[in-house]
Amino acid sequence: MKTDGLYMDGTYGRGGHADAIASRLGPQGRLWATDRDPDAVADGHERFRHDPRCAVSQAGFEELPARVQGAGLSGRVDGLLLDLGVSSPQLDDAERGFSIRRDGPLDMRMDPGQGESAYAWLCRAPAGEIRRVLHTYGEERHARRVTNAIIAARDAGELPRRTGEFAALVREAMPAEQGPRHPATRVFQAIRIHINGELAALDRLLAGVCGVLAPGGRLVVISFHSLEDRRVKRFMRDHSRIGDLPPGAPEPPPEKRPSLRVVGKPIRADDNEVAANPRARSAVMRVAERLS
Ligand SMILES: C[S@@+](CC[C@H](N)C(=O)[O-])C[C@H]1O[C@@H](n2cnc3c(N)ncnc32)[C@H](O)[C@@H]1O
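Q: I'd like to hear about the site of the ligand, residue by residue, with values.
A: Residues in contact with the ligand amount to 22 residues; listed here are only the nearest, Thr-11, Gly-13, Gly-16, Asp-83 and Ser-87. Residue assignment for the shell around the ligand shows that the elements contributing at least two residues are α1 (16–22), β2 (30–35) and α10 (198–212). Residue composition of the shell around the ligand, by class: five nonpolar, 10 polar and seven charged.

Written out as structure tokens, the structure reads:
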């Protein structure tokens, strides 16, 4: 890290990473952090109340390229971190509606002030859309059975409003349980990804990120499931390869030159880290560096 660099944390959460970045900055260094979640942003304001080098704002990280451009800082950012998915406080607070095991309203919005709750979406979505979401974002083999159960409950005026009842409905729709995970895990994941537009947000950020980073600046992405990781992997691979050129061709034109260099191999949490933080089990971190 450059002590006088400009760094961005697009997923502030509860500031673990932001704090680590801030602790390495000198007096001229700057950190911009964002999160969609108002509780996360409130935590950030409190944490950095007395640190003028650090600013935390409520925004989707997909807005960062436009915000950076608006601030005249395109091509000046030395590092951008994304630690994707939901935070532990979001999962642990039953009232946010993300938790299978803690009963709360079926909401699942990272920003409760925007868009529709999971319950509102399930009340109005056509069966085909629900099935597609469960199949695509949850890779749920039993998407059809679960969708039929949701539609039957809805038609009977009994669609659950709470996570506990909804998890029970999904469990009943599934064939006999396999494995230690709750049978509704993939269904909850799928609905959460859909309600928060998580993959579209990642795609938007990736489309603009090369214009954000300074030469030598790094993009660091921590993903928690294969749908995210595949996108990040493909993006880094495609931008770090020279486009197709005829054999023996001279120096490629600028549009064919790679804009990124992949740094190292993907990193997974080791046994010690997983023991300390079981949610790191499925995390994969990828790093790429902007070429000049
Ligand atoms: C895994 S947590 C981050 C934890 C954080 N690195 C820490 O050290 O505490 C993910 C956070 O990203 C936020 N988030 C997810 N998608 C987002 C998006 N498109 N824009 C902004 N924040 C997002 C969530 O609200 C959540 O707080």
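Picking up where we left off.
Q: How would you sum up helix α11 (residues 226–239)? Please name residues and give values.
A: A rise of 1.5 Å per residue sets the reference length of α11, with its 14 residues, at 20 Å; its end C-alpha atoms lie 20 Å apart and thus fit the reference within 8%. Those residues of α11 that fall on the buried side of the exposure criterion are Glu-228, Asp-229, Val-232, Phe-235 and Met-236. For α11, the buried positions fall inside an angular range of 130° around the axis, keeping them on one side. Facing away from the buried surface of α11 by more than 90 degrees, the exposed residues are Ser-226, Arg-230 and Arg-234. Check the buried side of α11 and you find it contacts α10, β5 (213–223), β6 (260–268) and β7 (284–290).

Q: Got a sec to walk through the nonpolar core? Specific residues and values, please.
A: Of all hydrophobic cores here, the largest spans 39 residues; its most connected members are Leu-31, Ala-33, Val-77, Leu-80, Val-209 and Val-212. If one sorts the elements of this core by residue count, α10 sits on top with five residues. Every residue in contact with Val-209, bar those within four places of it in the chain, is listed here: Pro-65, Leu-80 and Leu-219. Core analysis: the second largest hydrophobic core is formed by 27 residues, Phe-98, Val-187, Phe-188 and Ile-195 among them.

Q: Before we move on, could you go through the packing of α10 against α11 and cite the residues and values that matter?
A: Two measures define how a pair of helices packs: the angle their axes make with one another and the distance between the axes. Where α10 meets α11, the closest approach of the two axes is 11 Å, and the angle between their N-to-C directions is 15°. In this view, α10 runs roughly parallel relative to α11, as classed from their interaxial angle. Taken as a pair, α10 and α11 cross one another with a handedness that is right-handed. Contacts from Leu-199, Leu-202, Asp-203, Leu-206 and Cys-210 in α10 reach Leu-227, Glu-228, Arg-231, Phe-235 and His-239 in α11. Each residue belonging to the contact of α10 with α11 can be placed in one class, and the counts come to six nonpolar, one polar and three charged.

Q: Report on helix α7 (residues 143–155), specifying residues and quantitative values.
A: For α7, which comprises 13 residues, the first-to-last C-alpha distance of 18 Å matches the rise-based estimate of 18 Å (1.5 Å per residue) to within 8%. For α7, the full list of buried residues reads Ala-143, Val-146, Thr-147 and Ile-150. For α7, the buried positions fall inside an angular range of 100° around the axis, keeping them on one side. Among the structural elements, α5 (118–124), α6 (127–138), α8 (163–173) and α9 (185–195) are those in contact with the buried residues of α7. Positive phi appears at Gly-157, one or two residues downstream of α7, with a value of about 70°.

Q: Explain the pairing of β7 to me, and be specific about the residues and the numbers.
A: Across six bridges, the pairing between β5 and β7 is antiparallel. Note that in β7 the partner of Leu-219 across the bridge is Ala-288. Inspection of the sheet shows β6 paired to β7 by six bridges, in the antiparallel sense. If you follow Ile-267 over to β7, its bridge partner there is Met-285.

Q: Provide a residue-level description of the environment of Ala-120, including the pertinent values.
A: Relative to the assigned elements, Ala-120 resides in helix α5. Exposure remark for Ala-120: the 14 C-beta atoms within 10 Å place this residue in the partly exposed category. Along the backbone, Ala-120 and Pro-183 are 63 residues apart, and their C-alpha atoms lie at a distance of 22 Å.

Q: Quick rundown of the sheet that holds β5? Include the residues and the values.
A: The strands making up a sheet are joined through hydrogen bonds of the backbone, oriented either antiparallel or parallel. Spatially, the seven strands line up as an open sheet ordered β3-β2-β1-β4-β5-β7-β6, and their pairing is mixed. Here the strands that pair on one side only, and so sit at the sheet edges, are β3 (54–58) and β6. Averaged over neighbouring strand pairs, the angle between their axes works out to 15° when direction is ignored. For strand β1 (residues 6–9) and β2, the ladder comprises four bridges, and the chain directions are parallel. If you follow Met-8 over to β2, its bridge partner there is Trp-32. Each of β2 and β3 is contacted by helix α2 (residues 38–47), which is oriented at about 160° to β3, the strand it contacts most.

Q: Kindly report on the domain arrangement of the protein chain, identifying the contributing residues and their values.
A: According to the domain assignment, the protein chain contains domain 1 (6–88 + 198–290) and domain 2 (111–195). Averaged C-alpha coordinates put domain 1 and domain 2 at centres separated by 30 Å. Counting residues at the interface gives eight residues for domain 1 and six residues for domain 2. In terms of residue class, the side of domain 1 that touches domain 2 is made up of four nonpolar, one polar and three charged.

Q: Could you give me a rundown of unusual backbone geometry, with the residues and numbers involved?
A: Positive phi, close to 75°, is recorded for Met-108, a residue that is not glycine. Position of Met-108 among the secondary structure elements: in the loop between α4 (88–92) and α5. With 25 C-beta atoms packed within 10 Å, Met-108 lands in the buried category. In the Ramachandran plot, Glu-139 falls in the positive-phi region, its phi being about 45° despite a non-glycine side chain. Its location among the elements puts Glu-139 in the loop between α6 and α7. Among the residues examined, Glu-139 registers 14 C-beta atoms within 10 Å and is labelled partly exposed.

Conventions used here
Residues numbered from 1 in each chain as written. Predicted model: local features only at pLDDT ≥ 70, side-chain atom pairs only at ≥ 80, totals over all residues. Near = placed C-beta within 6 Å. Helix = DSSP H or I, 4+ residues; strand = E, 2+ residues; numbered from the N terminus. Nonpolar A, V, L, I, M, F, W, Y, C, P; charged D, E, K, R; others polar. Expected span 1.5 Å × (residues − 1). Buried ≥ 20, exposed ≤ 12 C-beta atoms within 10 Å, placed from the backbone. Arc of directions from axis to C-beta. Contact = placed C-beta atoms within 7 Å. Core = buried A, V, L, I, M, F, W, Y, C linked by C-beta atoms within 7 Å. Axes fitted to C-alpha atoms, helices over the stretch in contact; angles between N-to-C directions. Parallel < 35°, antiparallel > 145°, perpendicular 65-115°, else oblique. Left-handed = near helix turned anticlockwise from the far one by under 90°. Pairing = 2+ DSSP bridges. Domains from an automatic or database assignment.

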